Amino acid sequence: MEARIQRLERLLTPRNARITLMVLGVVSVLFAIALRNVRLDYDFEKFFPNNDPERDRYMAFRERFGYDNDFLMIGIERAEGVLDPALLTQVDSLAGRLERLPLVQLVLTPTRLSEPIITPVGVFEVPWLRYANDTLLALDSARIWNDPWVREPFFTDDGRAMLVVMNAKPGLSKAKCDILLADVRAALAATGLEDARLVGRIVGQDHYIHTMVRETVLFLTAAILLLAVFLWIGFRSVGGVVVPIAVVGLAILWQVGFMTALGKPLGILTMLLPTILFVVGMSDVVHILECFLEEIRNGVPRTRAIAVTYHEAGLPTFLTAVTSGIGFATLGTASIPPLQEFGLYTALGVLLTFILAFTLLPALLVLIDPLKLLPNARQASHWDSRLPDLFRWTIRHRRALLLGFGLVAVVGIVGANRIRVNNFLLEDLPANDPLKQGFTWFEDRFGGVRPFELEITVTDSTRTVWDLDVLQQVELVQNYLDTAYRVDAIVSPVTLMASLNKAYNGGDITYRRLPDDAEEAARMAKRARVFGGQYIGGIVSEDGRTARLTGRMRDEGGFVHGQRNAALEAFIQARTDGAVVRFQQTG
């Protein structure tokens, strides 16, 4: 043992300490330069497990019918009612500006929508709202209010709020989403609708990332201040506070810089890395520093005190770092990529902290006067007497303590088995958060924002989704979703066929239903392209073998939706013919 300590002493020279600091400084500068390219990532789709058949099916569904979350809902409210010519003119002007934006794919607004009327002499498009004429506006308003399939997707029941729905181009990057959001807000300001409410992925992404950055800085600052307080209580010297914080802070710089150099953004989970590393890594540094100072208090020379600390604390702290790293690294076996990255990079960060604790810290201790790390006056701690008393009390009551902890463990196991998972989309935001308040506003007035998607697959090779018997089964499921599952603003092959039936019958609202016979349905299906290929293509595939039923609903928690999913599956199994058509929830 003595020979090993002496070898360590020979290495602990001021020259080697300066070389070590210089090398660490160069590496730190390189990682600091890499931080210029640090990126933040907000993509919940990365939480889909790899090699999961459900994920593969969802990706194929999205490839066929497009993204289900690239929408932006713009809510416009007026206490006197939104069916006002001046307000509708503003809304139409807004829609025009949005349609001209290069990153916008589609804009749906009642002021620019129309419905066809098919007659023997041709097809006539009747605008939903002819707001330029007061008389026609009154007639159109009454017509819309009598047709819930038209009214419900865009208006509240009291007529005081309306929606403009914008679909962005699919798969936009964070930078392009920021550009689009800025353009949308500029369009709202230019049309005098800056008070309109917004909800959608591009708004949530922007808000979440800013919130993540702000709260990461807040939590890290709070952790530093709290640890500084306890370091001061423990060491009662400025050096005893600054040196440990500097060592762990540098480890955080290395960790984030290394991730950035590899091109990895900070995600929802990895944003926690700085705070976790600060707390976990501090234990090694404090342990080494306290062991060193104990040797100094006993009169051991500085270099030998460092060597003795290396020898005595090296293996225990190494094993602590390795076991902590292994614990985090086990998350690398998860099937969810963000969990894998979080576990592996946290494990790496723990080992980086250990390396710096045994390189940077000893180098600093060689060059710093150890008296600066000691308190000005040696004072006996009240813990010196209390801790031994606590130990003796523990030994005397060891059986009672084991029994007590055993009972707590049993209660914990029973309680854990009764935990009910009921996650909400925005449950991590406070009630006074502007994004959550806007989300709640849309839920209260328009039946929710959470997308609902149902994949429809015709299993009988002799049929398509346009066959009447297939449509009737889709209608059964659609009616159940509308009444029992509480899905609003449903669009499906049934709504398209019902709209065609109405159009073929002079726009009579009583014909907004499926046709009476199969031949009539087949004849209408051939004319389905009258609505526009792009719109139909987003609902029914080109070969008519697959389709989607889409809508929106309130976010009532994962537990509630899980129960509804089970009930929906039971209904589908009992009321539909799987040999003809299959329904699978996705999205």
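Structure shown above.
Residues numbered from 1 in each chain as written. Predicted model: local features only at pLDDT ≥ 70, side-chain atom pairs only at ≥ 80, totals over all residues. Heavy atoms only, no water.

1. Focus on the sheet that holds strand E5 (residues 161–168)
Link 1 in the chain: The 4 strands are arranged E2-E5-E1-E6 in an open sheet whose pairing can be described as antiparallel. Edge positions in the sheet fall to strand E2 (104–108) and strand E6 (197–200), since each has one partner strand and no second. On average, each strand axis in the sheet is inclined to that of its neighbour by 20°, with strand direction left out of account.
Link 2 in the chain: Alignment of E2 against E5, held across 4 bridges, turns out to be antiparallel. Pairing of valine 104 across the sheet is with alanine 168, part of E5.
Link 3 in the chain: With respect to the sheet, helix H16 (residues 434–446) is in contact with strand E1 (71–77), E5 and E6, its orientation differing from that of E1 by roughly 75°. (Pairing = 2+ DSSP bridges. Helix = DSSP H or I, 4+ residues; strand = E, 2+ residues; numbered from the N terminus. Axes fitted to C-alpha atoms, helices over the stretch in contact; angles between N-to-C directions. Contact = heavy atoms within 4.5 Å.)

2. Observations regarding the packing of aromatic side chains
Link 1 in the chain: The final tally for this structure, using the stated rule, is 13 aromatic pairs.
Link 2 in the chain: Ring geometry for tryptophan 145 and phenylalanine 155: centres 5.5 Å apart, planes at 55°, overall tilted. Taken together, the positions of tryptophan 145 in helix H5 (residues 134–145) and phenylalanine 155 in the loop between helix H6 (148–151) and E5 put the pair 10 residues apart, joining distant regions of the chain.
Link 3 in the chain: For phenylalanine 155, a relative accessible area of 2% puts it in the buried group.
Link 4 in the chain: Taken together, the ring pairs connect Tyr310, Phe318, Phe354 and Phe358 into an aromatic cluster.
Link 5 in the chain: Here the guanidinium or amino end of arginine 151 rests over the ring plane of tryptophan 145, the centre of that ring lying 5.9 Å away.
Link 6 in the chain: The ring of tyrosine 504 has arginine 523 lying over it, and the distance from NZ or CZ to the ring centre is 5.1 Å. (Phe/Tyr/Trp six-rings, centres within 6.5 Å; stacked < 30°, edge-to-face > 60°. Buried < 20%, exposed > 50% of the residue type's maximum accessible area, 1.4 Å probe, protein only. Lys NZ or Arg CZ within 6 Å of the ring centre and 35° of its normal.)

3. Topic: the environment of arginine 545
Link 1 in the chain: Among the secondary structure elements, arginine 545 is positioned in the loop between helix H20 (533–537) and strand E9 (546–553).
Link 2 in the chain: In sequence terms arginine 545 and arginine 463 are 82 residues apart; their C-alpha atoms lie 7.8 Å from each other.

4. Thoughts on the side chain of arginine 548
Link 1 in the chain: Within the secondary structure layout, arginine 548 lies in strand E9.
Link 2 in the chain: Polar contacts involving the side chain of arginine 548 include one to the side chain of glutamate 453, which spans 2.6 Å. (Polar contact = N/O pair within 3.5 Å; in protein donor to acceptor, adjacent residues only side chain to side chain.)

5. A word on the environment of leucine 373
Link 1 in the chain: Its place among the elements puts leucine 373 in the loop between helix H13 (360–367) and helix H14 (383–396).
Link 2 in the chain: A sequence separation of 134 residues divides leucine 373 from glycine 239, and the C-alpha atoms of the two residues are 4.8 Å apart.

6. Points about the sheet that holds E9
Link 1 in the chain: Strand order in the open sheet formed by 4 strands is E8-E9-E7-E10, with antiparallel pairing between adjacent strands. Each edge of the open sheet carries a strand with a single partner, namely strand E8 (488–491) and strand E10 (581–586). Each adjacent strand pair in this sheet contributes to an overall mean axis angle of 20°, direction not counted.
Link 2 in the chain: Sheet topology note: the E8/E9 ladder contains 2 bridges and is antiparallel. Across the sheet, residue valine 491 finds its bridge partner in E9, namely threonine 550.

7. Some thoughts on a nonpolar patch on the surface
Link 1 in the chain: Side chains of Ile19, Met22, Val23, Val26, Val29, Leu30 and Ile33 sit close together on the surface and give an oily, nonpolar patch of about 630 Å² of accessible area.
Link 2 in the chain: With respect to the element layout, valine 26 can be found in helix H2 (residues 14–34). (Patch = residues over 30% accessible without salt bridge, like charges linked within 9 Å, V, L, I, M, F, W, Y side chains within 5 Å. Areas by Shrake-Rupley, 256 points an atom, 1.4 Å probe, with all protein chains shown as cover. Salt bridge = Lys/Arg side-chain N within 4 Å of Asp/Glu carboxyl O.)

8. Let's talk about unusual backbone geometry
Link 1 in the chain: Positive phi outside glycine occurs at arginine 486, with the angle close to 70°.
Link 2 in the chain: With respect to the helices and strands, the residue arginine 486 is situated in the loop between helix H17 (468–485) and E8.
Link 3 in the chain: Not every positive phi belongs to a glycine, and alanine 489 is a case in point at roughly 50°.
Link 4 in the chain: On the secondary structure map, alanine 489 appears in strand E8.

Geometry only, nothing functional implied.
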